[in-house]
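Listed here are the chains, written in short residue letters.
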Amino acid sequence: NGSNFTKKAEDLYAKAEKMYKEVSLATDEGIQDRADDAKDLYLQAANCFKLSGDFENALKCYEKCIACEENESDSAPHYREAANCIKETDTDKYV
């Protein structure tokens, strides 16, 4: 049910946030690898939020994915998914 997806999404989001904070503090060569790992967790969390019907939190996850991308061109799928989440929420607020 939706609450199971919500709990899983919250757990994944918390792990991603922790990893993303480590990326922002890191100064070594493995920064992008950790950013990619955080992005993968944000994507999983976004999917769980969408399955639970929580499109606003899914949107937040896609915004974090965009921040994790090293190349702007790699962000296109995240922008598309974010737009889909916006369509599912309050369109008057965003249009």
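Here's what I pulled together on the structure shown here. (Residues numbered from 1 in each chain as written. Predicted model: local features only at pLDDT ≥ 70, side-chain atom pairs only at ≥ 80, totals over all residues. Heavy atoms only, no water.)

Okay, the packing of aromatic side chains next. For the structure shown, the criterion picks out 2 aromatic pairs. Aromatic side chains tyrosine 20 and tyrosine 42 sit 6.3 Å apart centroid to centroid with 70° between the ring planes, which places their arrangement in the edge-to-face category. Here tyrosine 42 lies in helix 2 (residues 31–51) and tyrosine 20 lies in helix 1 (residues 2–25), a separation of 22 residues in the sequence. Taking the relative accessible area as the measure of exposure, tyrosine 20 reaches 24% and is therefore partly exposed. Exposure remark for tyrosine 42: the relative accessible area of 0% places this residue in the buried category. (Phe/Tyr/Trp six-rings, centres within 6.5 Å; stacked < 30°, edge-to-face > 60°. Helix = DSSP H or I, 4+ residues; strand = E, 2+ residues; numbered from the N terminus. Buried < 20%, exposed > 50% of the residue type's maximum accessible area, 1.4 Å probe, protein only.)

Close contact between helix 3 (residues 55–68) and helix 4 (residues 76–88) brings their axes to 9 Å; oriented N to C, the two are set at 160°. Relative to helix 4, helix 3 is oriented roughly antiparallel. Between helix 3 and helix 4 lies a crossing of left-handed hand. Counting all contacts with helix 3, which are made through Phe55, Ala58, Leu59, Tyr62, Cys65 and Ile66, the residues of helix 4 involved are His78, Tyr79, Glu81, Ala82, Cys85, Ile86 and Glu88. (Axes fitted to C-alpha atoms, helices over the stretch in contact; angles between N-to-C directions. Parallel < 35°, antiparallel > 145°, perpendicular 65-115°, else oblique. Left-handed = near helix turned anticlockwise from the far one by under 90°. Contact = heavy atoms within 4.5 Å.)

Next up on the list: the pattern of salt bridges. All chains considered together, the criterion is met by 4 salt bridges. Glutamate 69 serves as the salt-bridge partner of lysine 39, at 3.4 Å between the closest nitrogen and oxygen. Of the two residues, lysine 39 is situated in helix 2 and glutamate 69 in the loop between helix 3 and helix 4; the sequence distance between them amounts to 30 residues. The buried category is assigned to lysine 39, whose relative accessible area is 14%. Given a relative accessible area of 13%, glutamate 69 falls into the buried group. (Salt bridge = Lys/Arg side-chain N within 4 Å of Asp/Glu carboxyl O.)

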